[in-house]
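# Examining the three-dimensional arrangement
Take a look at the letters that make up each chain.
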Amino acid sequence: MRIVGESRAGAPAALPLGDGEAIRISTGAMLPDGADAVLQWSSPPTRRRGRARGRCRPGRNVRHPGEDLRAGATVMAAGTVLGPAELGVAVTAGRATVRCARRPRVAILATGDELVDPGAPLRPGQIHDSNAPMLHALATQAGAQASTRRLADDRAATEAAIAEALDAADLVVLSGGVSVGPHDHVKPALAANDVDEVFWRVALRPGRPTWFGVRRTDGTLVLGCPATRCPPT
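Read on for a plain summary of the structure.

So, how was this worked out
Positions within a chain are numbered from 1, following the residues in the order the chain's sequence is written. Note on the predicted model: pLDDT of at least 70 is required for a residue's local features to be given, and 80 or more for side-chain atom pairs to be given and counted; whole-chain, interface and lining totals, by contrast, use all residues. Values reported for side chains reflect all heavy atoms of the structure, with hydrogen atoms and water molecules removed beforehand. In what follows, salt bridge is the name for a side-chain nitrogen of Lys or Arg lying within 4 Å of a carboxyl oxygen of Asp or Glu. Helix and strand assignments follow DSSP, with helices taken as H or I runs no shorter than four residues and strands as E runs no shorter than two, numbered in order from the N terminus. Centres within 6.5 Å are what make two rings of Phe, Tyr or Trp a pair, Trp counting through its six-membered ring; a difference in plane orientation under 30 degrees is then read as stacked, over 60 as edge-to-face, and the rest as tilted. We call a charge positioned above a ring when the Lys NZ or Arg CZ atom is no farther than 6 Å from the ring centre and deviates by at most 35 degrees from the ring normal. A patch consists of residues whose relative accessible area exceeds 30% and which take part in no salt bridge; residues with like charges are grouped when within 9 Å of each other, and nonpolar side chains (Val, Leu, Ile, Met, Phe, Trp, Tyr) when within 5 Å. Accessible surface area values rest on a Shrake-Rupley calculation with a 1.4 Å probe, where residue burial reflects the displayed protein chains alone. Working definition: with a 1.4 Å probe on protein chains only, accessible area under 20% of the residue-type maximum means buried, over 50% means exposed, and in between means partly exposed. At least two bridges found by DSSP between two strands are what make those strands a pair. Only the contacting stretch of a helix is used when fitting its axis, a line to C-alpha atoms as for every element, and angles between N-to-C directions run 0 to 180 degrees. Here a helix's expected span is defined as the number of its residues, less one, multiplied by 1.5 Å. Throughout, the arc means the angular range of directions from the helix axis out to the C-beta atoms. As used in this structure description, the phrase polar contact means that two N or O atoms lie within 3.5 Å; if the pair is within protein, one of them must be able to donate a hydrogen and the other to accept it, and residues adjacent in sequence are counted only when both atoms belong to side chains.

Moving on: the pattern of salt bridges. Throughout the structure, instances matching the rule amount to 11 salt bridges. Here D129 makes a salt bridge to R150, at a shortest N to O gap of 3.4 Å. On the criterion of sequence distance, the pair formed by D129 in the loop between β7 (127–128) and α2 (131–141) and R150 in strand β8 (residues 145–151) is long-range, its members being 21 residues apart. Here D167 and R215 are joined by a salt bridge, their closest N and O atoms 3.2 Å apart. Highlighted residues: D167 in helix α3 (residues 155–168) and R215 in strand β11 (residues 211–215), separated in sequence by 48 residues.

What follows is the structure, given as structure tokens:
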């Protein structure tokens, strides 16, 4: 076959091929009209004095339109987590942008007069706040945008902090203060903020007074976790 031109990636051949003609073609380039197979020029049997020699059946080394993505096919279903591979597929499908949900916002409130910063010196009766960093890491690992705040055992402060968190987050997680002690202010503070109790107490020890509720005005979720911790001895 006589070589009559070239087709490069991004620069297809302008003329169709006739009988007994071939064209140099780069990997990924568009096949010209009249061609139905590709001989690998890198293979020695095909090279001889500027002519291509060899036998191949139609379709050899050819990728047809629609082999990877067909028109009308579902490329990514709703709820797919977007990673590097998914973004590449979206671009291949012709999308410059995709509609997606924003990352959920989680507000973490750690309650307790006994809590101090990690690494801080401990006075009698104090413990390091280990729950807040742990919950923050878990929320971040799950894909959420997390914020953390520490609260003293004060009813008014607890109520105000919960009100602020409910307006800023999709999920409010509280650590401590959900039991029935005189210094457990979380449950009445939640009730004052229009959060309805769905359940309280689970068959788990430690951790029985776990609390879950929903704010009636907008459906914001609230999870109250008991602070199962003790001061060091």
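Summed over the entire model, instances satisfying the criterion amount to one aromatic pair. Sitting above the plane of the W200 ring, K187 keeps its charged end 3.2 Å from the centroid.

Right, let's get into a nonpolar patch on the surface. Together, L82, L87 and V98 give the surface a local cluster of nonpolar side chains, amounting to about 230 Å² of exposed area. Along the chain, the position of V98 falls in the loop between α1 (84–92) and β5 (105–111). Using a relative accessible area of 37% as the deciding quantity, one classes V98 as partly exposed.

The subject of this paragraph is the sheet that holds strand β12 (residues 221–225). What the six strands build is an open sheet, ordered β8-β5-β9-β12-β11-β10; its pairing is mixed. A strand with exactly one partner marks an edge of an open sheet, and here the two such strands are β8 and β10 (195–200). On average, each strand axis in the sheet is inclined to that of its neighbour by 20 degrees, with strand direction left out of account. Looking at chain direction, β5 and β8 are connected through seven bridges and run parallel. Paired with T111 across the bridge in β8 is L151.

Next up on the list: the pairing of β11. Residues of β11 alternate between two faces, with W211, G213 and R215 buried on one and F212 and V214 left unburied on the opposite face. Note that β10 and β11 share five bridges and pair antiparallel. Within the sheet, the bridge partner assigned to W200 lies in β11 and is W211. Where β11 meets β12, four bridges bridge the pair, whose relative direction is antiparallel. Pairing of V214 across the sheet is with L221, part of β12.

Once that is clear, we can look at α3. The end-to-end C-alpha distance of α3, which contains 14 residues, comes to 20 Å, matching closely the 20 Å that a straight helix rising 1.5 Å per residue would cover. For α3, every residue scored as buried is listed here: T158, A161, I162, A165 and L166. Buried residues of α3, viewed axially, fall in a sector of 135 degrees; they line one side. Exposed residues pointing more than 90 degrees away from the buried face of α3 are listed as A156, E164 and D167. By the N-cap criterion, in which a side-chain oxygen at the helix start approaches the backbone nitrogen of a residue two or three places on, α3 is capped by D154, the distance to A156 being 3.3 Å.

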